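# Overview (structure and organization)
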Amino acid sequence: PEAITVGDLANRMAERATDVIKSLMKMGVMATVNQAIDADTAELVVEEFGHRIKRVSDADVEDALLKPVEVDGDAVTRAPVVTVMGHVDHGKTSLLDALRATDIAAGEAGGITQHIGAYQVTMSSGDKITFLDTPGHAAFTAMRQRGAEVTDIVVLVVAADDGIQPQTVEAINHAKAAEVPIIVAINKIDKEGADPSKAKTQLLEHSLVPEDMGGDVICVEVSALKRIGLEALEETILLQAEMLELKAVPDAPARGAVVEAKLEVGRGSVATVLVQSGTLKVGDIFVAGQEWGRVRALLDDRGRQIQEAGPSVPVEVLGLQGTPSAGDEFIVLQDESRAREIADYRQRKNREQQFTIAARGTLEQMFEKV
Ligand code: GTP
Ligand code: MG
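Let me begin by describing the structure that accompanies this report. Just so we're clear, the structure is a prediction, and the values are computed from it rather than from any experiment. (Residues numbered from 1 in each chain as written. Chains lettered and ligands numbered in written order. Predicted model: local features only at pLDDT ≥ 70, side-chain atom pairs only at ≥ 80, totals over all residues. Heavy atoms only, no water.)

### Observations regarding the overall build of the chain
Scanning the chain for helices and strands turns up ten helices and 19 strands. By the burial criterion, 46% of the 370 residues in the chain qualify as buried. If you sum the accessible surface of the chain, you get close to 19,000 Å²; carbon and sulfur atoms cover 50% of it. (Helix = DSSP H or I, 4+ residues; strand = E, 2+ residues; numbered from the N terminus. Buried < 20%, exposed > 50% of the residue type's maximum accessible area, 1.4 Å probe, protein only. Areas by Shrake-Rupley, 256 points an atom, 1.4 Å probe, with all protein chains shown as cover.)

If you want it as structure tokens, here you go:
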């Protein structure tokens, strides 16, 4: 059922809420500014104020947007997108830092690892791998729930001195649910008391059978601290990626996913976006969840300004009108008014849903009192 709050209706007509409330009273409808009225009543009010009516349905707004644009460009191989997961303290961040240090594109200025949600490593072979540093399983799950399945491969980090722990199991379950292949990185092999074979045996309990035990799960022994096995891990990732035959069309309007977003002093809303298809360019108009914007600047994972970003490239996007959420779809559109309309519509819908939940809450409270 379509509905709109009195406040929203007033806003959209650029009229005062009190005038709308008065107009409703004349019709015998008592409503406060935060209350929702149905579409038919709203229509009467709009006419009363002499405005034109344009009803937009879910289908109108969402259809054109969600329908993938037909592109006839050539699909080319894209870099794999890898999410590193594992139990607390098993060395996810250390491993990501160590892998990032293998980037030959880093240059002399490198060395400072600023924290961003995603980065891409170029190997000496020229092959690239994109790593996502999800701040935990919650983000991974949130993305999946929103249908933004950005991860091609999961690297499961297991500390050799600690073995499989509760969050390792959680990570395994997440990867399985997402049907994403798992590569196991057995970390901290430099440590005293490290027992890689014990960790491997424990994997069996979760139906992950290591290759050397007759299965198909590749385990790579690494040390993030001593930088052991990093190349072997990267090569394993590339091998797995080759089998997945990952492709995307670069010559199209960009579509992707928001990896993280925040409001920064002096910069406004900033989002780290992973481009999944097409190419994102400075000046592009886009919708990201309930927000829209025009790309003011693009920064790569080392903070350098770039003009465009193709498939599997993570970029920081400046020029958002608001702050979207991790997992939101990011879609480039042709015109600004359409972008505004969609963002507006989604915000309104979200408010209405929240209102419905709140209203239900008070109703339940009322019944409790009886
Ligand atoms: P959370 O983000 O808190 O879940 O931890 P994490 O998985 O990111 O682990 P982190 O990289 O912070 O490492 C935890 C501790 O393990 C740190 O003290 C690291 O120095 C140490 N560590 C990580 N990798 C290695 C390794 O290969 N060998 C040794 N000896 N220590 C390591
Ligand atoms: Mg960490």
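### Some thoughts on the site of ligand 1
In the vicinity of ligand 1 lie 15 residues, with K92, T93, S94, D190 and A224 positioned nearest. Separating an oxygen atom of ligand 1 from a backbone N or O atom of H90 is a distance of 3.3 Å. Counting residues per element, the shell around ligand 1 draws most heavily on helix α5 (residues 92-100), at three residues. Looking at the shell around ligand 1 residue by residue, the classes come out as three nonpolar, seven polar and five charged. (Near = heavy atom within 4 Å. Polar contact = N/O pair within 3.5 Å; in protein donor to acceptor, adjacent residues only side chain to side chain. Nonpolar A, V, L, I, M, F, W, Y, C, P; charged D, E, K, R; others polar.)

### Notes on the packing of aromatic side chains
Applying the stated criterion to the full structure yields two aromatic pairs. For the pair F286 and F330, a centre-to-centre distance of 4.5 Å together with 25° between the ring planes defines the contact as stacked. Within this pair, whereas F286 is found in strand β14 (residues 285-288), its partner F330 is found in strand β19 (residues 329-333), the two being separated by 44 residues in sequence. By the burial criterion, F286 is buried, and F330 matches it. Lying over the aromatic face of Y119, R100 brings its terminal NZ or CZ to 5.0 Å of the ring centre. (Phe/Tyr/Trp six-rings, centres within 6.5 Å; stacked < 30°, edge-to-face > 60°. Lys NZ or Arg CZ within 6 Å of the ring centre and 35° of its normal.)

### Overview of the pairing of strand β15 (residues 291-299)
With respect to burial, β15 is a largely interior element, seven of its nine residues being buried. Here four bridges tie β14 to β15, and the two strands are oriented antiparallel to one another. Residue A288 lies in a different strand from β15, and its bridge partner there is E291. Adjacent in sequence and paired antiparallel, β14 and β15 are bridged by two residues, among which G289 carries a positive phi angle near 60°. Two elements, β15 and strand β18 (residues 314-320), share four bridges in a ladder whose sense is antiparallel. Looking at the pairing, A297 lines up with L318 of β18. Here two bridges tie β15 to strand β16 (residues 305-306), and the two strands are oriented antiparallel to one another. Among the inter-strand pairings, L299 is bridged to a residue of β16, identified as Q305. Hairpin connection, β15 to β16: the antiparallel pair is bridged by five residues, and G303 has positive phi, about 80°. (Pairing = 2+ DSSP bridges.)

### Quick look at the environment of L204
Take L204: it is sitting in helix α8 (residues 196-204). Through-space distance from the C-alpha of L204 to that of G215 is 9.5 Å; in sequence the pair is eleven residues apart. In contact with L204, other than residues within four places in its own chain, are V209, P210 and M213. (Contact = heavy atoms within 4.5 Å.)

### Considerations on the sheet that holds strand β8 (residues 182-187)
The six strands lie next to each other as β5-β6-β4-β7-β8-β9, forming an open sheet whose pairing is mixed. Each having just a single partner strand, β5 (118-122) and β9 (219-221) make up the two edges of the open sheet. Strand-to-strand twist in this sheet, taken as the mean axis angle between neighbours without regard to direction, amounts to 30°. Taken together, the five bridges between strand β4 (residues 81-86) and strand β7 (residues 153-159) define a ladder with parallel strand orientation. The partner of V84 across the bridge, within β7, is V155. Strands in contact with α5 are β4, β5, β6 (128-132), β7 and β8; relative to β5, the strand with the most contacts, it is inclined by about 40°. (Axes fitted to C-alpha atoms, helices over the stretch in contact; angles between N-to-C directions.)

### A few points about the packing of α5 against helix α9 (residues 230-244)
A pair of packed helices is captured by two measures, namely the crossing angle of their axes and the spacing between those axes. Closest axis-to-axis distance for the α5/α9 pair is 10 Å, and the angle between their directions is 90°. With respect to their mutual orientation, α5 and α9 come out roughly perpendicular. Taking contact as the criterion, the partners of L95, A98 and L99 in α5 are, on α9, L230, L233 and E234. Among the residues forming the contact of α5 with α9, the class breakdown is five nonpolar, no polar and one charged. (Parallel < 35°, antiparallel > 145°, perpendicular 65-115°, else oblique.)

### What to know about the pattern of salt bridges
A complete count under the given rule lists 17 salt bridges for this structure. The residue D152 makes a salt bridge to R78 at a minimum N-O spacing of 2.9 Å. Taken together, the residues span a long stretch of sequence, with D152 in the loop between α6 (137-145) and β7 and R78 in the loop between β3 (76-77) and β4 at a distance of 74 residues. Taking relative accessible area as the criterion, D152 reaches 11% and is therefore assigned buried. Between K262 and E264 there is a salt bridge whose closest N-O contact spans 3.7 Å. Given a relative accessible area of 37%, K262 falls into the partly exposed group. Salt bridges sharing common partners tie together E260, K262, E264, R267 and E316. (Salt bridge = Lys/Arg side-chain N within 4 Å of Asp/Glu carboxyl O.)

### Quick word on the side chain of K200
With respect to the element layout, K200 can be found in helix α8. Judged by its relative accessible area of 10%, K200 falls in the buried class. Within the structure, K200 has its side chain in polar contact with the side chain of D212 (distance 2.8 Å). Residue contacts for K200: discarding those within four places in its chain leaves I186, P210, D212, M213, C219 and E221.

Remember that the coordinates give geometry; whether it matters functionally is a separate question.
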